[in-house]
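# Chain and residue survey
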Amino acid sequence: MITDKPATEITRQDALSLEAIYLDRVAEGEIMADTANKSLGFLRTLLRAHCKRHQLDDNLAFAELTVSGGRDPKKRKEFSVEWLSSTLLCANPLPGTNEEIRDVLIIMAETGASPSEITGALPQHFRVHDTIPNIQIREEGRKLKNKLRVRELVLVGQALEAARRHPEGFSRYRNKPGFSDAANAYLRENNLLPTTEHTVYSIRHSFQGRMRRAGGIDQFFQARMMGHSVKKAIDRESYGDDLTLEERLALMNVIRLDATREERTRAKQILLNEFMAT
């Protein structure tokens, strides 16, 4: 996760990038918070011991980094479509919070991306005026959880409006800790969480659930949209190119929250006719 470099050159930003990856893994239910904290603690101890042994300046890059939260993956909670629509797509969503939290959550709802994927994107990755508007998830200026997370988030509906309000990205939280804690605190303090098991990451889980329940969206496509392993999803190796922007747009138009029934039906037919048969 951190490139090969002398101990004295490991920076706080390197440590924060690694912490963000652990936060994602814990939130996804892949590992427990205790496991992440043990790893961070080991790196903190190892780095300081190395500097001391070789009489180098003490390196506190990993000081006070901790990961909290995490859920049993079998108990992942989703927000209902009704909750997403009434809380995030209403006329005045999330009053009282800052506009970056508000718009990141809206983009999450219509892309399935994790908070750090959105907040870590650089200005040049916000292609909000392209023919098919999108946010490019790239390992540039930060570390991603794995290479599968490199993809395009096609923007539709209110997610596109939210991204266009931030054409330079989300600098307040870019590669910094604190977004999930702040967003979860806001939702909790305003009684917006249906249960204690719901968190900001429930928005991402909801996106996958909507694809699963839509019908006609193959697991290959679901995995590509989420940045998950296709082999793990379909229990075999996959071959061929990644999804095109046109394919991603067709998939989004099947499940977008603000689409009418007629629009969903038409988009699903296009998806089935033009892509699923290929």
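Everything here concerns the structure above.
Keep in mind it's a predicted model, so treat the numbers as computed, not measured. Position numbers for residues count from 1 along each chain, tracking the sequence in the order it is written. Local features in this predicted model are restricted to residues whose pLDDT is 70 or higher, and side-chain atom pairs enter the listing and the counts only when it is 80 or higher, whereas totals over whole chains, interfaces and linings include all residues. Side-chain calculation: all heavy atoms of the structure are included, whereas hydrogens and water are not.

## Looking at unusual backbone geometry
Defined as follows: Working definition: helices are DSSP H or I runs of at least four residues, strands are E runs of at least two. Numbering for both runs from the N terminus.
The backbone of leucine 94 shows a phi angle near 50 degrees, a positive value even though the residue is not glycine. Among the secondary structure elements, leucine 94 is positioned in the loop between α3 (81–87) and α4 (99–109). One non-glycine residue with positive phi stands out, namely asparagine 191, at about 55 degrees. For asparagine 191, the location among the structural elements is in the loop between α7 (179–189) and α8 (201–214).

## A look at the sheet that holds strand β3 (residues 151–154)
The strands that make up a sheet are held in pairs by hydrogen bonds between backbone atoms, and each pair lies either parallel or antiparallel. Note the following rule: Following DSSP output, two strands are said to pair if at least two bridges run between them. In what follows, a contact means two residues having at least one pair of non-hydrogen atoms within 4.5 Å. A fitted line through C-alpha atoms represents every axis, and for helices the fit uses only the stretch in contact; the resulting angles, taken between N-to-C directions, go from 0 to 180 degrees.
In spatial order, the strands read β1-β2-β3; together these three strands make up an open sheet with antiparallel pairing. This sheet does not close on itself; its edge strands, each paired only once, are β1 (126–127) and β3. Pairing of β1 with strand β2 (residues 134–137), which is carried by two bridges, proceeds in the antiparallel orientation. The residue of β2 that forms the bridge with arginine 127 is asparagine 134. Sheet contacts for helix α11 (residues 245–255): β2 and β3; angle to β3, the most-contacted strand, approximately 45 degrees.

## As for the pattern of salt bridges
Counted only if it meets this: Basic side-chain nitrogens of Lys or Arg form a salt bridge, by our definition, when they fall within 4 Å of a carboxyl oxygen of Asp or Glu. A 1.4 Å probe rolled over the protein chains alone gives each residue an accessible area, and that area as a share of the maximum for its type sets the label: buried under 20%, exposed over 50%, partly exposed in between.
A complete count under the given rule lists twelve salt bridges for this structure. Residue arginine 127 pairs with aspartate 130 through a salt bridge whose shortest N-O separation is 3.4 Å. Here arginine 127 falls in the partly exposed class, since its relative accessible area comes to 32%. Looking at aspartate 130, the relative accessible area reads 28%, which means it is partly exposed. Among the ionic pairs, glutamate 152 bridges to arginine 138, the shortest N-O distance being 2.4 Å. Taken together, the positions of glutamate 152 in strand β3 and arginine 138 in the loop between β2 and β3 put the pair 14 residues apart, joining distant regions of the chain. Linked through salt bridges whose partners overlap, the residues forming this network are Glu78, Arg212 and Arg213.

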